[in-house]
Amino acid sequence: MKKTGPVMIFEQIGRLADAVETRSRNIEIARKENSIAEVMKMLNSLPEIEKGSSLYLFATRLFIMKEKREMFASLEEPELMLTWLKNELGDNFKLEIMADTDEEIELQSAYLATYLVQHYYTTYIEKTPCMNSSQTGHMWLMEILQGNESRCHRMFRMEKGVFIKLCNELEANYGFKGSKRMCALEILGMFLFTLGHGAGNRLTQERFQHSGETVSRYFNKVLDVLCHMSVDVLKPPDPDFKDVPEEILRDSRYMPHFKNCIGAIDGVHVNAVIPPEDQVPFVGKYYLVDAGYPQITGFLGPYKGQRYHLPQFQRGSKPTGYKEVFNQAHSSLRSVIERTFGVWKKRWKILRDMPSYPYQKQVKIVIASMALHNYIRRHAKRDRYFEKIRDNPDYCANNQTNIEDEDETITTSNLNEMDNIRDMIAASLMGHN
């Protein structure tokens, strides 16, 4: 009877299976003598070889070859085994992974193909999602906004009402908007979480369950929007400085002596030229500065060569003479004004440990955080960060302890003008005391 095609194929498959089984059985018998497992036991018994060392790992690759396993096992004495391994390694032995027989090549090829197929399937076809938490970023945000007020303040550094008002204002006036996958509130919350906690990209990914690319992209978008808003927010509410600041008006230590003070400056000063027509509103107004600034128009510093900083007066005797009386009041008022800088850095942790972003991005972060700071100050019913230091009489802007005379290149007119203002305030303070 003539065999059909399917029958012949079936018989060939059967013969192939029998051959593979026979070869596998013969290989297994051959492997029992000086097998990898056996020589590894010998290797592990050598006290001079530390597991994980370069020599140990070299030996594991060397023992793939049958003749090397046989040679190692035949040495028997531990010292000879160790010396032989070192010689093999020292000769820069070029290891070639060789199969003992053609049958082993076939089996190893089959194992490798199976592994590659499985790896490809689990990596590219049936991937395990990375961000698969049941509590999405949106769910967490809604829980915060519907919960206790203090949670919102801890997570986003502002009250719930201010958070929502800020988001609405950014959408209405500065082109801020959400996307198909994220609402504007979540995008803003993700940005504030990063700024307030100094959170890195990976931590923000985990908290909001979004990819690193998404976190970075929306951070940059909110950064640009807030820098746009800063044009309107980073300016005084009274641009003509007609009114006396509340911190001065309500404190008899400073009013009326410093009624023309409009602020304090600390840090790097960059000169700017104001056209004559724009200078009129600011005549007689001035900023309080430390001794590092030259005594020029608009900048009122302390008397040099005298005690100045608050700790000196707190630890020592009361001020004596009109210069020390002025310096104490000047230092105290500067500290009151400069508290906002301390609160600003305390509120946004990212400012205390700035990531290694490009320089321009770091500048934007500073501007955006200042804009947020001013926005919160103007719209919050209470500012918990300011409350902690508002009534602290021992607060001081810095811890410098002395003032040295410095050479300054200034004009006589500038010197006389600001010196006269300083002397008048000192006389007023002496009369008040």
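### Some words on the overall build of the protein chain
Stage number 1. Scanning the protein chain for helices and strands turns up 19 helices and three strands.
Stage number 2. Looking at the protein chain alone, contacts between residues at least 24 apart form 67% of all its contacts between residues at least 6 apart.
Stage number 3. As displayed, the protein chain has an accessible area near 26,700 Å², and 54% of this comes from carbon and sulfur atoms.

### Digging into the state of the cysteines
Stage number 1. Counted according to the given criterion, the structure contains zero disulfides.
Stage number 2. Left unpaired, cysteine 183 is separated from the closest cysteine sulfur, that of cysteine 167, by 7.4 Å.
Stage number 3. Residue class for cysteine 183 comes out partly exposed when judged on its relative accessible area of 28%.

### What about the pattern of salt bridges?
Stage number 1. Enumeration according to the criterion identifies eight salt bridges in this entry.
Stage number 2. Among the salt bridges present, the one from aspartate 419 reaches arginine 422, with a minimum N-O distance of 2.8 Å. Taken together, the residues span about one helical turn, with aspartate 419 and arginine 422 both in helix α19 (residues 412-432) at a distance of three residues.
Stage number 3. Arginine 422 sits in the buried class, given a relative accessible area of 11%.

### Observations regarding the packing of helix α3 (residues 54-62) against helix α5 (residues 78-90)
Stage number 1. Contact geometry for α3 and α5: axes closest at 10 Å, N-to-C directions at 85°. One way to sum up the angle between α3 and α5 is to call them roughly perpendicular. Note on element contacts: α5 touches α3 through Leu82, Trp84, Leu85, Lys86, Glu88 and Leu89, opposite Leu55, Phe58, Ala59 and Leu62.
Stage number 2. Grouping the constituent residues of the contact of α3 with α5 by class yields eight nonpolar, no polar and two charged.

### Quick word on the nonpolar core
Stage number 1. Phe156 and Phe191 are the most contacted members of the largest nonpolar core, which totals 45 residues.
Stage number 2. When residues in this core are grouped by element, the largest group, nine residues, is from helix α12 (residues 212-233).
Stage number 3. Setting aside chain neighbours within four positions, we find phenylalanine 191 in contact with Phe219, Val222, Leu223, Leu226, Ala368 and Leu372.
Stage number 4. In this structure, Ile248, Tyr254, Leu288 and Ala329 belong to the second largest nonpolar core, which totals 19 residues.

### So, the packing of helix α7 (residues 137-145) against helix α10 (residues 184-197)
Between two packed helices, the angle of one axis relative to the other and the distance separating the axes together describe the packing.
Stage number 1. It is at 10 Å that the axes of α7 and α10 come closest, and there the two elements cross at 80°. Classified by the angle their axes make, α7 and α10 are roughly perpendicular. Contacts between α7 and α10 involve Gly137, His138, Trp140, Leu141, Met142 and Leu145 from the former and Leu185, Glu186 and Phe193 from the latter.
Stage number 2. Taken together, the residues of the contact of α7 with α10 break down into six nonpolar, two polar and one charged.

### Considerations on the environment of lysine 259
Stage number 1. In this structure, lysine 259 sits in the loop between α13 (246-249) and β1 (261-264).
Stage number 2. Between the C-alpha atom of lysine 259 and that of aspartate 243, which follows or precedes it by 16 residues, the distance is 8.9 Å.
Stage number 3. Setting aside anything within four residues of it in sequence, one finds lysine 259 in contact with Val244, Ile248 and Tyr254.

### Thoughts on α10
Stage number 1. With 14 residues, α10 extends 20 Å from end C-alpha to end C-alpha; this agrees with the ideal 20 Å at 1.5 Å per step.
Stage number 2. Turning to α10, its buried residues number three or more, namely Ala184, Glu186, Ile187, Leu188, Gly189, Met190, Phe191, Leu192, Phe193, Thr194, Leu195 and Gly196.
Stage number 3. Among the residues trailing α10, glycine 198 stands out with phi positive, at a value near 60°.

### Quick notes on the sheet that holds strand β2 (residues 286-288)
Stage number 1. Strand order in the open sheet made by the three strands is β1-β2-β3, with parallel pairing throughout. Every other strand in the sheet has two partners, leaving β1 and β3 (299-300) as the edge strands with one partner each.
Stage number 2. For β2 and β3, the ladder comprises two bridges, and the chain directions are parallel. Bridge pairing in β3 links leucine 288 to leucine 300.
Stage number 3. Relative to the sheet, helix α16 (residues 321-347) contacts β1, β2 and β3, its axis offset from that of β1 by approximately 70°.

### Quick notes on the side chain of histidine 153
Stage number 1. Looking at where histidine 153 falls in the secondary structure, it is placed in helix α8 (residues 149-156).
Stage number 2. The contact partners of histidine 153, leaving out residues within four places of it in the chain, are Met158, Glu159, Arg384 and Tyr385.

### Focus: the environment of serine 369
Stage number 1. Residue position: serine 369 is located in helix α17 (residues 359-379).
Stage number 2. Once the C-alpha coordinates of serine 369 and tryptophan 348 are considered, the two residues, 21 residues apart in sequence, prove to be 7.1 Å apart.

### Comments concerning a negative patch on the surface
Stage number 1. A cluster of acidic residues, Glu48, Glu76, Glu77 and Glu79, forms a negative patch on the protein surface.
Stage number 2. Looking at the element boundaries, glutamate 48 is found in the loop between α2 (36-44) and α3.

### Some details on the packing of aromatic side chains
Stage number 1. Following the criterion strictly, the structure yields 13 aromatic pairs and no others.
Stage number 2. When the centroid spacing of 6.2 Å and the interplanar angle of 45° are considered together, the rings of phenylalanine 72 and tryptophan 84 count as tilted. Separated by twelve residues along the polypeptide, phenylalanine 72 in helix α4 (residues 66-75) and tryptophan 84 in helix α5 bring together distant segments of the chain. The two residues phenylalanine 72 and tryptophan 84 agree in class, both being buried.
Stage number 3. Each member of the aromatic cluster is reached from another via a ring pair, and the members are Trp140, Phe156, Phe163, Phe193 and Phe208.
Stage number 4. Directly above the ring of tyrosine 218 sits arginine 217, whose terminal nitrogen or CZ lies 4.9 Å from the centroid.
Stage number 5. Of note, lysine 361 hangs over the ring of tyrosine 357, and the distance from its end group to the ring centre comes to 4.1 Å.

Calculation notes
Residues numbered from 1 in each chain as written. Predicted model: local features only at pLDDT ≥ 70, side-chain atom pairs only at ≥ 80, totals over all residues. Heavy atoms only, no water. Helix = DSSP H or I, 4+ residues; strand = E, 2+ residues; numbered from the N terminus. Contact = heavy atoms within 4.5 Å. Areas by Shrake-Rupley, 256 points an atom, 1.4 Å probe, with all protein chains shown as cover. Disulfide = S-S within 2.5 Å. Buried < 20%, exposed > 50% of the residue type's maximum accessible area, 1.4 Å probe, protein only. Salt bridge = Lys/Arg side-chain N within 4 Å of Asp/Glu carboxyl O. Axes fitted to C-alpha atoms, helices over the stretch in contact; angles between N-to-C directions. Parallel < 35°, antiparallel > 145°, perpendicular 65-115°, else oblique. Nonpolar A, V, L, I, M, F, W, Y, C, P; charged D, E, K, R; others polar. Core = buried A, V, L, I, M, F, W, Y, C linked by side-chain atoms within 4.5 Å. Expected span 1.5 Å × (residues − 1). Pairing = 2+ DSSP bridges. Patch = residues over 30% accessible without salt bridge, like charges linked within 9 Å, V, L, I, M, F, W, Y side chains within 5 Å. Lys, Arg positive; Asp, Glu negative; His and termini not counted. Charge placed at Lys NZ, Arg CZ, Asp CG, Glu CD. Phe/Tyr/Trp six-rings, centres within 6.5 Å; stacked < 30°, edge-to-face > 60°. Lys NZ or Arg CZ within 6 Å of the ring centre and 35° of its normal.

Bear in mind that shape data such as this cannot, by itself, settle questions of function.
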